[in-house]
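Observations on the three-dimensional arrangement
Each chain, letter by letter, is given below.
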Amino acid sequence: METQEASGSEDCPFCEIASNKSDTEILLSDDELLCFRDLKPGATHHYLVVPRTHIASCKALQAVDIPLVERMVQMGWRTLEKNKVSDLDDVRMGFHVPPFSSVPHLHLHTLAPASKMNFKSQLHYGPRSHWFITVDKVLTQLKTRGRVN
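Quick summary incoming for the structure in this document. Keep in mind it's a predicted model, so treat the numbers as computed, not measured.

1. Section: the pairing of strand β7 (residues 108-112)
Within β7, five of the five residues are buried, leaving the element largely enclosed by the surrounding structure. By the alternation rule, side chains of β7 split into L108, T110 and A112 and H109 and L111, which are all buried. Direction of pairing for strand β4 (residues 45-51) relative to β7: antiparallel, over a ladder of five bridges. Looking at the pairing, V49 lines up with L108 of β7. Where strand β6 (residues 92-96) and β7 come together, three bridges link them in antiparallel fashion. Along β7, the bridge assignment pairs R92 with L111.

2. As for the sheet that holds strand β8 (residues 132-134)
One open sheet accounts for six strands, arranged β2-β3-β4-β7-β6-β8; its pairing is antiparallel. If you trace the sheet from one side to the other, it starts and ends with β2 (26-29) and β8, each paired once. Across the sheet, the mean angle from the axis of one strand to that of its neighbour is 30°, orientation sign disregarded. Here three bridges tie β6 to β8, and the two strands are oriented antiparallel to one another. From the neighbouring strand, F95 faces β8, where its bridge partner is I133. Relative to the sheet, helix α2 (residues 66-82) contacts β2, β3 (33-37), β4, β6 and β7, its axis offset from that of β4 by approximately 145°. Its contacts with the sheet place helix α4 (residues 135-145) against β6, β7 and β8, and it is angled at close to 70° to β8.

Thresholds, definitions, all that
- Residues numbered from 1 in each chain as written.
- Predicted model: local features only at pLDDT ≥ 70, side-chain atom pairs only at ≥ 80, totals over all residues.
- Heavy atoms only, no water.
- Buried < 20%, exposed > 50% of the residue type's maximum accessible area, 1.4 Å probe, protein only.
- Helix = DSSP H or I, 4+ residues; strand = E, 2+ residues; numbered from the N terminus.
- Pairing = 2+ DSSP bridges.
- Axes fitted to C-alpha atoms, helices over the stretch in contact; angles between N-to-C directions.
- Contact = heavy atoms within 4.5 Å.

Function cannot be inferred from these measures alone, as they are strictly geometric.
Laid out in structure tokens, this is it:
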């Protein structure tokens, strides 16, 4: 996996947020990850879980990164619970596949309620989107192939 410290990626907006060089409200954080609201929400609850270390995209992940992705998912669930999302069965979590990533820094989209996303959001994050891959599919590919296709 190609990584660099967040402080070394000056032109990456998510590295700026991770380095506390932004006024973005952090909803949850730990030594490895942080979570904040998406600036252009695709659902009532739309959060981004980002590693503090710069990783370009889900395509840069390898089998060794499975625990990282699992921790990202756990933070996504905790954020939904903290924000009192009542239907945890109506959630979509996943990544945009390059070149369709708006920011070239790995970020897990956590959206709820998924069933209430509008047409445009369905194109970007829905089950028929060609440029959105669910976290379950990412984890399956990492476990079986060691990489994301």
